[in-house]
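An overview of the molecular structure
Chain by chain, the residues:
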Amino acid sequence: MAGNSRRQGAMRKPGSKKGAVVGSGGQRRKALEGKGPTPKAEERPGHHAYRKSNAAAKRTQGRSSKDKPTNELVAGRNPVVECLRAGVPSTALYVALGIEADERVAESVQLAADRGISVLEVSRLELDRLTTGAMHQGLALQVPPYEYAHPDDLLEAAASTDDPPLIVALDGVTDPRNLGAVIRSAAAFGANGVLLPQRRSAGITAVAWRTSAGTAAKIPVAIATNLTRQLRAFADEGLMIVGLDADGSMELDGLELATSPLVVVVGSEGRGLTRLVKETCDATVSIPMSAGVESLNASVAAGVVLAEVARRRRIAGRI
């Protein structure tokens, strides 16, 4: 019985592999063979750098499709005829069938024909669809994407005149109606151009074209990658930077800088000037108002200040 006794641990279990189980059988050597260079962190799906890179690519793709320039439609009889008079680049004039024609319609069709712009008759329903329900009055003008100027172009435009440079900069104005109105005021009071920040700002859309009544074609509008840096560059060129602020360091009546080379900075509709832009200004100016009246919106405030600058410059020119 003793001879038949075997240690339980030495017994081979049924179905177990026969032969030696110790060692790799050469498999380890194969596992150590080279498989090429280690992929970069951005190329390894399990790495946080890969996830970060993918997220950035998705954001860039979404932004590029969002910012892709498209044609715009300027709607309404007055805006359309103003754009055509101003020579705004246009590709088509849409006229609703059966509308009651007046001198603005007749002039628009004539101007479009003279410039070789296609005149297309469409149903009122189709024009409603094209203008997304805007008040078109039976007329709409298709304009290509706006071509923005470089900030240096604004100084070149100023150099071509005998007056000191006058530039209007917008700090976070996001309403295209306000942008169009500021452009119209800038053109009316002799500004050499308008400067917009690349981010957090309205652009030249159909709404801005309509509000500007075509003056966006008469005055250059430039884009600054970094508004604060560009304002400092203008200051290095000898321009004074004046910001509109409800708690300004001076009132508009005391703006002696009006006759100097000048940049007038208009803040956003709600927050006003951003901190860095405000710190860049040589002075901030407020508009005297009656007690109990709310502050003016960006475009109205810009018009008031530009009118005062133009007035002072006219007086200085007579002395």
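Residues numbered from 1 in each chain as written. Predicted model: local features only at pLDDT ≥ 70, side-chain atom pairs only at ≥ 80, totals over all residues. Heavy atoms only, no water.

Buried residues dominate strand 8 (residues 240–244), accounting for four of its five residues. In this structure, strand 8 lies alongside strand 10 (residues 262–267), joined through four bridges in parallel fashion. Each residue of the ladder has a partner; that of Ile241, found in strand 10, is Val263. In the sheet, strand 8 pairs with strand 11 (residues 283–286) via three bridges, with the strands oriented parallel. Bridging across to strand 11, Leu244 finds its partner in Val285. (Buried < 20%, exposed > 50% of the residue type's maximum accessible area, 1.4 Å probe, protein only. Helix = DSSP H or I, 4+ residues; strand = E, 2+ residues; numbered from the N terminus. Pairing = 2+ DSSP bridges.)

A few words on the sheet that holds strand 4 (residues 139–143). With respect to topology, four strands assemble into an open sheet ordered 1-4-2-3, the strand pairing being mixed. Every other strand in the sheet has two partners, leaving strand 1 (72–75) and strand 3 (118–122) as the edge strands with one partner each. The sheet shows a mean angle of 25° between the axes of neighbouring strands, taken without regard to direction. Pairing of strand 2 (residues 92–96) with strand 4 involves four bridges; the strand directions are antiparallel. Following the sheet pairing, Val95 is matched in strand 4 by Leu139. Packing against the sheet, helix 3 (residues 77–85) makes contact with strand 1, strand 2 and strand 4, and its axis sits at approximately 40° to strand 4. Here helix 4 (residues 103–114) sits on the sheet in contact with strand 2, strand 3 and strand 4, set at roughly 150° to strand 2. (Axes fitted to C-alpha atoms, helices over the stretch in contact; angles between N-to-C directions. Contact = heavy atoms within 4.5 Å.)

So, on to the packing of helix 3 against helix 4. Between helix 3 and helix 4, whose axes approach to 9 Å, the crossing angle comes to 35°. Helix-helix and strand crossings are classified by hand; for helix 3 and helix 4 the assignment is left-handed. Where helix 3 approaches helix 4, its residues Arg77, Asn78, Val80, Val81, Leu84 and Arg85 are matched on the opposing element by Arg104, Val105, Glu107, Ser108 and Leu111. Residues that form the contact of helix 3 with helix 4 fall into these classes: five nonpolar, two polar and four charged. (Left-handed = near helix turned anticlockwise from the far one by under 90°. Nonpolar A, V, L, I, M, F, W, Y, C, P; charged D, E, K, R; others polar.)

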